[in-house]
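Structure at a glance
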Amino acid sequence: MKTRFSTLDIMCVVNEIQKFKGMRLQRVYDIDHKTYLFKFQLNNDKCVLLLESGVRLHVTNYEWTKNEAPSSFSMKLRKHLSNKRLEKLTQMGFDRIIDLQFGVGEAAYHVILELYDKGNIILADKDYIMINILRPHTEDEKQKFFVKEVYPNSRPKNRLNPPTEDSLIQILKTAKPSTNLKKFIFSNFPNCLDYGNCLLEHMLISGGFPTNTRIGNEFNIDTDIQKLMNCFCIAEKFLDNITTLKEGFIIQKIDQQLLPDGIMKELCTNQEYHPFLFAQHQKLPSKTYESFNEAVDEFYSSLESQKYDVKCMQQEKGAVKKLQNIVKDHEERLKKLQDTQDEHKFKAELITNNLDLVDNTIQFVRQAVAKQLHWDEIWDMIRQLNFEDDGCTYAIVKNLKLSVNHITLQLFDPYNEGNQNEENSQLIDIDLGQSAFGNAERYYGSKKQSAIKEKKTIDSSSTVLKMAEKKTKQTLKDMQVVASINKVRKTYWFEKFYWFISSENYLVIAGRDAHQNEVIVKRYMKSSDVYVHAGFSGATTVLIKNPINQPVPPATLNEAAVMAISYSVSWTMKINLQNAFWVKPEQVSKTAPTGEYLTTGSFMIRGKKNYLPATHLILGLSFLFKLEDSSIPRHANERKIKGIEYEGLDNIEENNDEFENIPSENDSDEDLEKNIETENKETPYTVNDDGESLEVKTNNQHLEGEEEEKEEELRSNNETSINVIGVTSIPNCNDTCKSVEQSDAVSSDSDDDDIELDDVNDLDKKNESNKPQILKRGQRGKLKRIKEKYKDQDEDEREMRIKLLQSSMNEDKKLKRAKKKDKKNKKSTDKNKAAGNKKIFIKPLPMLLEAPNDTIQFEEQKEPIKKSEDNENSEDDETDKPTDLTETHMLDSLTGVPYAEDELLFAVPVVAPYTALTNYKYKLKLTPGNTKRGKASKTCLNLFLKDKTSTTREKNLMRSVNVQDIARNIPNGVKLSAPSLSKILNK
């Protein structure tokens, strides 16, 4: 397979790329340490030039995975070449060296690409003084390739002239007889090195010399020298006209594999790319492209998938070969049993035909043994024995095996006198404990046993072979399924981070290290997103992507908090119940205070920090399935902000018997009067994931005495106080409701957290028809007593009482609000007098002092905050960022609850807070423990594959996922929890 450019390839591709001269270089990216992308643009025209040191140069139309952060070499190229025009692109001499000139005059720079040996990329100035080198080295102790050295002009080679007829004859005469003509020319004529192997073979075939032509045999120096000279003329003419070539060709190879079902499978693989269809490739399968550049781009872009196809075919060949080995082994066993039967039958017949000889020999040896003679003496007696002296005939004894009471006789067929020689004899073991007839019977019995074994083998062979063939077919089918899945499988941009999709369909990502934290903030954070952090050193940066530009619900915030705490040293140290906080993107800055600096992954947080409730370290592992477009509508609103329908307070009387009646003996008449107004009004409430009430506020909430003091105390602590007044029945709360009100919880800035009661009431009035109600424990008894006390009160009297009470309470409330406003103005005046902003550095917890050094610093700042420049000037291309529409569609196409009628494309493993996986079909709880992530991922996969409700397609998709992909997001050291986990795995 061709691996790098030849001189001919460089001549063609340089000629084709000339049309891109004059375009400005917008950005330089690196794919790996030796492959770089140059992005050009001129007006609306764009192109991407790919340079691989020592291998290739071409314009690409494919998307290539770039490194997360640019290398130092890329940064150097960006510094000197950004926004400069591509002025020249030339081949240096007749060598595999390309010179790209950016800019003109004093501002000119050169990028020199070497495509031979180990390759190199060099950035030089207008005088070819090297500024940066991809591979610094020294050649021949003279040519030094280091910074500030001058690139040697003598390095590129020039085109050589073809040999003359005289020099050609002289060199050919030095060749040994039967030397291959092509190899001899290539190694003895320097200009043939410029031709390359393909052009050399093409000119010989075109001149009438086959590939295997040998000097002295098919080639005669005296008669064929003119034909050879004509071959050189063909090559030279080809080089002169190479710029006229317009097409490109990929030479292919077809591999065939016969499957067990008789189908012949073919695999076409790309082998070489050329600007011309040479003579030696005329009969090979090939594919034609409009340009050579397009052919090269297609060849390298399909290289990885082609390697995978070849690997799959090799695996299929291995499976088929295994089946063939089973069949072959079975046939060999049958043949061996048949040969054993024939051999034992023949031995039994020989013994039967030589009964007297065998019996006489057995008796002779028995007598010798009975005399207790030494075995050597017995053997001497047998060798000196004259077999006819005593009138008896004996068989020829070849060996004594007295240790097992056997002797070996050489017997002939007495009825076939023509075969009385050693070549036609048979050596047979005779048991001295049996007669000749007994020995014959023993061999007949062995033959019978072999026949029985053969029959059993034949009877079972059909079953065994069918099972083996079935298993092989299933293996091939699984391989094809996995191959098709992996071809369809798309690696999403967020998979390089820690990630999950919240229960309300928000994408949440987190950095794996300090560098990724930097990338998340600089490249992916938008103004509508939410930044979440655990607030201590070593914790990761968590970002909630918010494409809908609406306030992020509290359930998603809490799930992001779990992620922030879990992917930190808290997991290893098993520290539960820690608080994370969230801030807006404009509060995150990479600008350090004067005289200080921020390390990689560290940021300044300015302004208010919104702390979230303490979380437990509970994650879950599951699979998301990619849906085909036609199946997406079936899963509409699968993950959404959930609320519950409610009934008015009029239904309380009907449902009163369902609740426990707990009256309060300390209830005052005033309390009863205040609660009377809730009878016919709806009360908003919120509930948490467990169905418990969190915060509630009514439309006309008036507090006196102890209740007002509590309100003041809560407000002074920067919390929003909302009290519970009513209760109603909430059916199936765990299944139908989630948190629907975003909690501001604890704040570091008391001034910003103060909420006016009237404002909240106004909001409640607007959303009154959309919010349900709930009552505290014991208030049903209050309502019952209220109804009993005011049962004789008519509607007019009730309305009058309520209006009087409201007017008095509103006056008191306005008075208190005015006092509080004066107090706040006084505080703000005092703060403005203070000099400068006060910095607050949050220290890491004592137990977390050994965490990685990416501590987040926090700074209080009262003036409006401008967006950090770091967020605006990202180093990466804006087009790589996902748009809101594509991101939303992408999330909707992933489901954790696949239906039987869905068309599933592939599976993606996900590690998320366990609350986000509540409705998923496959889930396994992860808590801090001692199990390593590799074992945990295998256990998880085995558990899911043994699920009785899983379909064959789901199993195939999960089985196709690499175990390393499952394990990469699991924290190190986990404990697995699932219903009947050990019982299922032990089946």
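Everything here concerns the structure above.
In every chain, residue numbers begin from 1 and rise along the written sequence. Owing to the predicted nature of the model, reporting of local features is limited to residues with pLDDT of at least 70; listing and counting of side-chain atom pairs is limited to 80 or more, with chain, interface and lining totals taken over all residues. As a convention, hydrogens and water are excluded, and side-chain values are obtained from all of the structure's heavy atoms.

**Let's talk about the overall build of the protein**
Assigned secondary structure in the protein consists of 28 helices and 35 strands. The buried label applies to any residue whose accessible area, calculated with a 1.4 Å probe on protein chains only, is under 20% of its type's maximum; exposed applies above 50%, and partly exposed to all values in between. Of all 987 residues assigned to the protein, the portion counted as buried reaches 46%. Across the protein, contacts joining residues at least 24 apart in sequence account for 71% of those joining residues at least 6 apart. All accessible-area figures derive from a Shrake-Rupley calculation using a 1.4 Å probe, and residue coverage is judged against the displayed protein chains alone. Taken as a whole, the protein presents about 52200 Å² of accessible surface, with 48% of it coming from carbon and sulfur. Going along the chain from the N terminus, every DSSP run of H or I of four or more residues is numbered as a helix, and every run of E of two or more is numbered as a strand. The contact criterion used throughout is that any non-hydrogen atoms of two residues lie within 4.5 Å.

**As for the side chain of Asn 270**
Residue position: Asn 270 is located in strand β13 (residues 264-274). Taking relative accessible area as the criterion, Asn 270 reaches 9% and is therefore assigned buried. Here the side chain of Asn 270 touches Gln 252 through a polar contact of 3.2 Å, side chain to side chain. Within the structure, Asn 270 has its side chain in polar contact with the side chain of Ser 302 (distance 3.3 Å). Under the rule applied, a polar contact is a pair of N or O atoms within 3.5 Å (in protein, one hydrogen donor and one hydrogen acceptor; residues adjacent in sequence only if both atoms are side-chain atoms).

**Some words on the environment of Tyr 62**
Summarising the element assignment, Tyr 62 is placed in the loop between β4 (56-60) and α2 (72-81). The spacing of Tyr 62 and Ser 301 is 239 residues in sequence and 7.2 Å in space, taken between C-alpha atoms. Apart from residues lying up to four places away in sequence, Tyr 62 is in contact with Asp 297, Glu 298 and Ser 301.

**Comments concerning the packing of helix α25 (residues 933-945) against helix α26 (residues 952-959)**
Between α25 and α26, whose axes approach to 10 Å, the crossing angle comes to 170°. The orientation of α25 with respect to α26, classified from their angle, is roughly antiparallel. The residues of α26 that touch α25, namely those facing Leu 941, Phe 944 and Leu 945, are Lys 955, Met 958 and Arg 959. When residue character is reported, Ala, Val, Leu, Ile, Met, Phe, Trp, Tyr, Cys and Pro are called nonpolar, Asp, Glu, Lys and Arg charged, and the others, Gly included, polar. Classifying every residue of the contact of α25 with α26 by side-chain character gives four nonpolar, no polar and two charged. Lines fitted to C-alpha atoms define the axes, with helix axes restricted to the stretch in contact, and inter-axis angles between N-to-C directions lie between 0 and 180 degrees. For classification, angles of less than 35 degrees are called roughly parallel, those exceeding 145 degrees roughly antiparallel, those between 65 and 115 degrees roughly perpendicular, and all remaining angles oblique.

**Quick notes on α2**
For α2, the set of buried residues is Phe 73, Ser 74, Leu 77, Arg 78, His 80 and Leu 81. Looking at the packing, one finds that the buried side of α2 touches β1 (24-32), β2 (35-42), β6 (97-102), β7 (109-114), β8 (120-125) and β9 (130-133). Positive phi shows up at Asn 83, right after α2, with a value of about 65°.

**Re the sheet that holds strand β17 (residues 426-431)**
Taken together, the three strands give an open sheet; going across it, the order is β15-β16-β17, and neighbouring strands pair in antiparallel fashion. Two strands in the sheet have a free side with no partner beyond their single neighbour: β15 (396-401) and β17. Between one strand axis and the next, the sheet turns through 25° on average, direction left out of account. Sheet strands in contact with helix α9 (residues 355-370) are β15, β16 (406-411) and β17, and its direction is about 145° off that of β16. When DSSP finds two or more bridges between two strands, those strands count as paired.

**Here we look at the pairing of strand β20 (residues 530-533)**
By the alternation rule, side chains of β20 split into Val 530 and Val 532 and Tyr 531 and His 533, which are all buried. Relative to strand β21 (residues 542-544), β20 is paired through three bridges, and the arrangement is antiparallel. Across the sheet, the residue bridging to Val 530 is Ile 544, located in β21. In terms of strand pairing, β20 meets strand β22 (residues 581-583) through three bridges, oriented antiparallel. Among the inter-strand pairings, Val 532 is bridged to a residue of β22, identified as Trp 582.

**Regarding the side chain of Ser 589**
Along the chain, Ser 589 turns up in strand β23 (residues 588-589). Classification of Ser 589 by relative accessible area gives buried; the value is 10%. Polar contacts involving the side chain of Ser 589 include one to the main-chain amide nitrogen of Thr 591, which spans 2.9 Å.

**Brief notes about the pattern of salt bridges**
Any Lys or Arg side-chain nitrogen found within 4 Å of a carboxyl oxygen on Asp or Glu counts as a salt bridge. All told, the structure shown has 18 salt bridges when counted by the stated rule. Between Lys 347 and Glu 343 there is a salt bridge, and its shortest N-O distance comes to 3.2 Å. Taken as a pair, Lys 347 and Glu 343 lie in helix α8 (residues 303-353) at a separation of four residues, close to a single helical turn. With relative accessibility at 38%, the residue Glu 343 sits in the partly exposed group. For Glu 518, the salt bridge identified is with Lys 590, shortest N-O distance 3.3 Å. Of this pair, Glu 518 sits in helix α12 (residues 514-524) while Lys 590 sits in the loop between β23 and β24 (604-606); the two residues are 72 residues apart in sequence, bridging distant segments of the chain. Its relative accessible area of 17% is what places Lys 590 among the buried residues.

**Structural notes on the pairing of strand β35 (residues 974-977)**
The two faces of a sheet get side chains in turn, since along a regular strand they alternate between them. Only one face of β35 is buried, namely the one carrying Val 974 and Leu 976, since none of Lys 975 and Ser 977 on the opposite face is buried. Judged from the five bridges that link them, strand β34 (residues 923-931) and β35 form a sheet pairing that is antiparallel. Residue pairing in the sheet places Leu 926 in a bridge with Leu 976 of β35.

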